[in-house]
Amino acid sequence: MNRTDAEILWEVACVLARDAAEVSRPRDRVGRRLPPLLFFTDPDRTPRPWETAARLPVGSGVVFRHFGQADARQTALRLREATQDRGGLLLIGLDAELAEAVGADGVHLPERALDQATGLIALRPDWTITGAAHSRVGLRPVALDALIVSPVFTAGGASADRPTLGLTTFASWIQTATRPIYALGGIDSGNAHSLIGSGACGIAGVSAIQSAFRPD
């Protein structure tokens, strides 16, 4: 029987999470729950993201990036409801105030804002804090729970103009990182298996995850 895109992505994500858990990495913050699969929202590419969130496997995560959209609070509340119903993690992109308001589990920081991590952790030590990295500069030691590195493969959206890392470079970055690393950028059911053995702790995605877990 042919497996669906959703089944393949979740299976590979779980393999990555399991394998990464067996590797000891220095951490300042322990006991943080890191979902195998992270769905990144985008106002243009993922309309009605709460519908996708409601269909993700139990224990997945959502990173809500509203980029100043007027309906950000309403969408965040819908995502909070969807993720809570499925035991999922909800992180808000670069908006601690909104994260507080909707009872999110933490914040995701773009690479340019990684220096905010220490202050956020001091303010909310119970939150999960992740950050984006598109260069080796972004891999510098920061008090984060995980980094999302991109673009691993040819990607769309904001990463479309960034050079593709490729598997060899991506894996080498993981070897020097002091935090768990998610793979983001151009990952789909056709190439996800190639990430196995890279050291990534899970898969992050935008369009591919929305497409795989879209409502019937």
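Above this text sits the structure in question.
This report concerns the structure included in the present document.

Quick notes on the rules
Residues numbered from 1 in each chain as written. Predicted model: local features only at pLDDT ≥ 70, side-chain atom pairs only at ≥ 80, totals over all residues. Heavy atoms only, no water. Salt bridge = Lys/Arg side-chain N within 4 Å of Asp/Glu carboxyl O. Buried < 20%, exposed > 50% of the residue type's maximum accessible area, 1.4 Å probe, protein only. Helix = DSSP H or I, 4+ residues; strand = E, 2+ residues; numbered from the N terminus.

Take the pattern of salt bridges next. Inspection of the entire model under this criterion finds 6 salt bridges. Measuring nitrogen to oxygen at the nearest pair gives 2.7 Å for the salt bridge that ties E11 to R3. Residue E11 is classed as partly exposed on the basis of its relative accessible area of 37%. A salt bridge links R18 to D19, with the shortest nitrogen-to-oxygen separation between them at 3.0 Å. The partly exposed category is assigned to R18, whose relative accessible area is 49%.

Moving on to unusual backbone geometry. Residue P151 is bonded to the preceding S150 through a cis peptide linkage, with omega at -5°. Within the secondary structure, P151 sits in the loop between β6 (146-149) and α6 (166-176). Positive phi outside glycine occurs at R48, with the angle close to 55°. Given a relative accessible area of 45%, R48 falls into the partly exposed group. The backbone phi angle of F67 is positive, close to 50°, even though this residue is not glycine. Tracing the backbone shows F67 in the loop between β2 (61-64) and α3 (72-85). A residue is classified by how much of its surface remains accessible, and F67, at 55% relative accessible area, is exposed.

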